[in-house]
Amino acid sequence: MPDHTDALQLPPGLSPAHRDLLEALAHRNAADYGPKLLGLVLSGSAGREMATERSDLDVFVVLTNNGGRGPETSRSATLDETIVAISDLERVSPFGSEGWWYRWSFAWAPTLLDHTEGRLASALRRQATVNADEAESILVEHDRLDGWLNFAYRALKNDRDGRTLERRLDAAESMPWLLDVIFTLEGRVHPYHKYLPWELRRHPLTHWQAEELLALLTATLDGDPSAIRAAFARIEKACAAFDSLIQVPVLTPVIEGWGDELQLLRH
């Protein structure tokens, strides 16, 4: 029986050792699963041309089904291999669940092998995409917008009152909330920190230039009040744009709920 590994599409930048390992993996899985093998997806550093000599390979082996057992991962020094049914990839985990933290694994991850006529590619795109309903849940129900406003406000209060360390601590704590807000408003899942500069440069956001945002994040980590206020101005505008597309505004009321306290953020 042919194993169809002649269709294997390896991305550029792989080391010879990684290429050999992926070719061997493809042949082995084709032999093990036959027609049940639907695809292979390369994630991790190697999938994003960031691998070093210490990097292993992160590969998802996509099957027609996995016996109802859910994803199963085997790990070695050179390879993390996860067996997953395509139906599992088509189920989108909500924000805050265990599955949410794996969704970015599929963002920009090259498909090495695809026997699904686009079904696999569609599932991968959906995993890394935040739709409008999800955005409202993340920003409002899960308080990511209000939570970021809280830390930003506290950092500015500490700056006003001369508490430098406290300002920097609150500003640093605001960062995960800030990144969730920025990426959610862009309809994308927040990347792992390791890949943040790479994603901003290789796959730019619509409303932020990569170097501009990276500089703002760096300044925010130091508690720079001008950076915090600059972020607020941009996010307030983006929230208004989001609300303009739906019948009942949901984000601007969160901001306006801060009332007179907004003067510190707009100062």
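Model, not experiment: these values are computed from the prediction.

Caption draft 1: Fine view of the overall build of the protein. Check the secondary structure of the protein and you find 12 helices and five strands. Here the C-alpha coordinates of the protein stretch approximately 70 × 45 × 30 Å along the principal axes. In the protein, which comprises 267 residues, the proportion classed as buried is 48%. Pairs at least 24 residues apart make up 60% of the contacts formed inside the protein by residues separated by at least 6 positions. Surface summary for the protein: the accessible area is close to 13600 Å², and the carbon and sulfur share equals 52%. With 27 positive and 40 negative side-chain charges, the protein shows a separation of 2 Å between the mean positions of the two kinds.

Caption draft 2: Molecular detail of unusual backbone geometry. Within the chain, glutamate 49 stands out as a residue other than glycine whose phi angle is a positive 55°. Tracing the backbone shows glutamate 49 in the loop between β1 (37–43) and β2 (57–63). Its identity as a non-glycine residue notwithstanding, aspartate 143 has a phi of 65°, on the positive side. Here aspartate 143 is to be found in the loop between α4 (132–141) and α5 (144–160).

Caption draft 3: Region of the structure containing the sheet that holds strand β4 (residues 79–85). Spatial strand order, β3-β4-β2-β1-β5: five strands in an open sheet with mixed pairing. On the outer flanks of this sheet lie β3 (72–75) and β5 (111–114), each paired with one strand and no other. Averaged over all pairs of adjacent strands, the angle between strand axes in this sheet comes to 15°, irrespective of strand direction. Where β1 lies against β2, six bridges are found, and the strand directions are antiparallel. The residue bridging glycine 39 from the neighbouring strand is valine 62, located in β2. The strands touched by helix α3 (residues 119–127) are β1, β2 and β5; relative to β5, the strand with the most contacts, the crossing angle is about 140°.

Caption draft 4: Molecular detail of α4. Taken together, the buried positions of α4 are Glu134, Ala135, Ser137, Ile138 and Leu139. For α4, the elements touching its buried residues are α3, α5, α7 (175–185) and α10 (225–243). One side-chain oxygen at the N-terminal end of α4 lies 3.2 Å from the backbone nitrogen of aspartate 133; it belongs to asparagine 131. A positive phi of about 65° marks aspartate 143, the residue just after α4.

Caption draft 5: Representation of the layout of surface pockets within the structure. Approximately 640 Å³ is the volume found for the largest pocket. In this structure, the largest pocket is lined by 29 residues; those nearest its centre are Phe60, Thr82, Tyr102, Ser105 and Phe106. Secondary structure elements with two or more residues in the lining of the largest pocket: β2, β3, β4 and α2 (86–89). Grouping the constituent residues of the lining of the largest pocket by class yields 10 nonpolar, 10 polar and nine charged. Volume-wise, the second largest pocket comes out at about 360 Å³.

Reading the values: the criteria
Just so you know, the residues in each chain are numbered from 1, in the order the chain's sequence is written. Since the coordinates come from a predicted model, pLDDT governs what is reported: local features require at least 70, and pairs of side-chain atoms require 80 or more to be given and counted, while whole-chain, interface and lining totals use all residues. Working from all heavy atoms in the structure, the side-chain values ignore hydrogens and water. Helix and strand labels come from DSSP, where a helix needs a run of H or I of at least four residues and a strand needs a run of E of at least two; each type is numbered from the N terminus. Working definition: with a 1.4 Å probe on protein chains only, accessible area under 20% of the residue-type maximum means buried, over 50% means exposed, and in between means partly exposed. In this description, contact between two residues means that some pair of their heavy atoms is separated by no more than 4.5 Å. Computed with a 1.4 Å probe, the accessible areas rest on the Shrake-Rupley method; for each residue, only the protein chains presented here act as cover. Charge assignment in this entry is limited to Lys and Arg as positive and Asp and Glu as negative, and neither His nor the chain termini are counted. By convention, the charge on Lys lies at NZ, on Arg at CZ, on Asp at CG and on Glu at CD. At least two DSSP bridges between two strands are needed for those strands to be called paired. Here an axis means a line fitted to C-alpha atoms, over the contact stretch when the element is a helix, while the angle between two N-to-C directions is reported on a 0 to 180 degree scale. Polar contact is defined as a pair of N or O atoms within 3.5 Å, subject to the rule that within protein one atom must be able to donate a hydrogen and the other to accept it, and that residues adjacent in sequence are counted only when both atoms are side-chain atoms. Cavities and pockets were defined on a 1 Å grid built from protein atoms only: a cavity is a group of points that admits a 1.4 Å probe but offers it no way out, a pocket is an open group of points flanked by protein on both sides within 12 Å along at least five of seven lines, and a lining residue is one with an atom within 4 Å of any such point. Grid points are joined across faces, edges and corners, and a volume is the space filled by probe spheres set on the points. Charged means Asp, Glu, Lys or Arg here, nonpolar means Ala, Val, Leu, Ile, Met, Phe, Trp, Tyr, Cys or Pro, and polar covers whatever is left, Gly included.

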